[in-house]
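# Overview (structure and organization)
Read off the chains here:
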Amino acid sequence: MRAMTQTAIPCTLMRGGTSRGPYFLASDLPDTRDGIAQVLLAAMGSPDARQIDGLGGATTLTSKVCIVSPAAKGEKQQVDYLFAQVSVDKAFVDFGPTCGNMLAGIGPFAIEKGLVPAHAGETSVLIRAVNTGALIEAVVQTPGGRVTYDGDTAIAGVPGTAAPIVLNFADAVGGATGSLMPTGNAKDAIEGVEVTCLDVCMPVVIARAADLGKTARESAKELDADRDFMARIERIRRAASLAMGMGDAEGKVMPKFAMVAEPAGGSGIAARYFTPLACHEAMAVTGGICIATACMLPGTVADGLARIGPNERETIVLEHPTGQMEAVISTKRLGNDGVEVLGGGTLRTARKLMAGEVYIPARIWGGRPTA
């Protein structure tokens, strides 16, 4: 009998928000994180700058993977979502962060795979982000009890329109560090720059663009090309990570870094978000919610940049390199000008691009035994 040279693994290639990558059922992958990492590197074609031998798109936004499984009996959530950021040019898979854009595809994927029953009209899917422990409600359009990807909702950074997917983050505070402000301060001076270290959906180190000699209106390519600037914010990010109790961030994608400024128009905020060694070409969902939350909190570097109303639930528009993203932040006013963060949400879209099997060399993983 001819020896098997490749292992076929079922997967669905999807766009989630402004990102893209394969979605797998956990039952179709190895049982250990190390085993999963080796399979994902092979599936995506890493390490290679072009990812020519895999499914990766040669950018951080198109080298992402989602792994989905049904929740254990008795758990509050319906499905578990493990996110993996696969390095393009290094043999490294980061299971530390989550991704709010790829999260947009979890609800449709779970429904279509039979993990969650669909309802007529729309279906709510309660998801646990395994990487951070956060619980997120995804509201998916399911007319006639079937997922639809067609709709009139447009999001910046994605051509055309699609069906809306509402993402509500209920327990967003302190998922990675255990506290809203991990350093205990609304502002810290790190490497001579005032920053706010905040943990809402994603731990982010936020600075004012003006303090870095920027405007927060530059394109992603302009910022990436400024090597001195990129090296400077990486030094700040790594020092802030230590101050936040997250250890040395070298080679890790958390915490993220962002810079903010007054908006060019409207009542939102201009923002540039880093992934972290390149400027995001749009805006990450989790990072955007964190930045928008900073606008609502007194004493942060974002305080006063956005025109915020008196409401405890505010929609904040974030201006990013390819358009805008809206984040809805819910807070509770406390005495002495205090503010409690209750949660955040946003509107995304997703689309199924391909369903089939991805092949990897059998020497990396021979797959599961068959009966």
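Read on for an overview of the structure. For clarity, every value in this text was computed on a predicted model and none was experimentally measured. (Residues numbered from 1 in each chain as written. Predicted model: local features only at pLDDT ≥ 70, side-chain atom pairs only at ≥ 80, totals over all residues. Heavy atoms only, no water.)

## Here we look at the pattern of salt bridges
Taken as a whole, this structure holds 8 salt bridges when the rule is applied. Among the salt bridges present, the one from E112 reaches K352, with a minimum N-O distance of 3.0 Å. In this pair, E112 is assigned in helix α3 (residues 106-112) and K352 in strand β17 (residues 350-361), connecting sequence segments 240 residues apart. By relative accessible area, which is 34% here, K352 ends up partly exposed. Between R238 and E250 there is a salt bridge, and its shortest N-O distance comes to 3.4 Å. Of the two residues, R238 sits in helix α5 (residues 227-243) while E250 sits in the loop between α5 and β12 (256-261), which places them 12 residues apart along the sequence. Judged by relative accessible area, R238 falls into the partly exposed class, the value being 29%. Sharing partners across several salt bridges, the network here consists of R238, D248 and E250. (Salt bridge = Lys/Arg side-chain N within 4 Å of Asp/Glu carboxyl O. Helix = DSSP H or I, 4+ residues; strand = E, 2+ residues; numbered from the N terminus. Buried < 20%, exposed > 50% of the residue type's maximum accessible area, 1.4 Å probe, protein only.)

## Quick word on the environment of T349
As for its placement among the helices and strands, T349 is situated in the loop between β16 (339-348) and β17. Between the C-alpha atom of T349 and that of Q77, which follows or precedes it by 272 residues, the distance is 21 Å. Once residues lying within four places of it in the same chain are set aside, the contact partners of T349 are R15, G16, G17, A104, T153, I155, A162, A163, P164 and I165. A polar contact is formed between the side chain of T349 and the side chain of R15, at a distance of 3.0 Å. (Contact = heavy atoms within 4.5 Å. Polar contact = N/O pair within 3.5 Å; in protein donor to acceptor, adjacent residues only side chain to side chain.)

## A short note on empty space enclosed by the protein
Summed over the entire model, instances satisfying the criterion amount to 4 cavities of 30 Å³ or more. In this structure, the largest cavity encloses a volume near 140 Å³. If you go around the largest cavity, you meet 16 residues; those closest to its centre are K64, Q85, C99, K256 and T275. Grouping the amino acids of the lining of the largest cavity by side-chain chemistry returns 7 nonpolar, 7 polar and 2 charged. Lining the second largest cavity are T98, A129, T132, A134, I136, F169, A172, C201 and T286. In the lining of the second largest cavity, the residues fall into 6 nonpolar, 3 polar and no charged. (1 Å grid on protein atoms, 1.4 Å probe; cavity = no way out; pocket = protein on both sides within 12 Å on 5 of 7 lines; lining within 4 Å. Points joined across faces, edges and corners; volume = space filled by probe spheres on them. Nonpolar A, V, L, I, M, F, W, Y, C, P; charged D, E, K, R; others polar.)

## Remarks on the nonpolar core
One finds Y81, I106, F169, L212, F274, I291 and L318 to be the most contacted residues of the largest nonpolar core, which totals 90 residues. If you tally residues by element for this core, the top one is helix α6 (residues 285-296), at 8 residues. Look past the residues within four positions of L212 in its chain and what remains in contact with it is V193, A207, F229, R232, I233, I236, F257 and M259. I9, A42, V358 and W365 belong to the second-largest nonpolar core, a separate cluster that totals 22 residues. (Core = buried A, V, L, I, M, F, W, Y, C linked by side-chain atoms within 4.5 Å.)

## Description of α6
Between the first and last C-alpha of α6 there are 17 Å, a value that for 12 residues agrees with the 16 Å anticipated at 1.5 Å per step. Burial within α6 is extensive, with 12 of its 12 residues counted as buried. What α6 keeps buried is the set V285, T286, G287, G288, I289, C290, I291, A292, T293, A294, C295 and M296. (Expected span 1.5 Å × (residues − 1).)

## Digging into the pairing of strand β10 (residues 193-200)
With 7 of its 8 residues buried, β10 lies for the most part within the structure. Linking two consecutive strands that pair antiparallel, namely strand β9 (residues 188-190) and β10, is a turn of 2 residues; a positive phi of about 55° is found at E191 within it. Judged from the 6 bridges that link them, β10 and strand β11 (residues 202-208) form a sheet pairing that is antiparallel. Paired with T196 across the two strands is I206, which belongs to β11. What sits between the antiparallel neighbours β10 and β11 is a turn of 1 residue, in which C201 has the positive phi angle 70°. (Pairing = 2+ DSSP bridges.)

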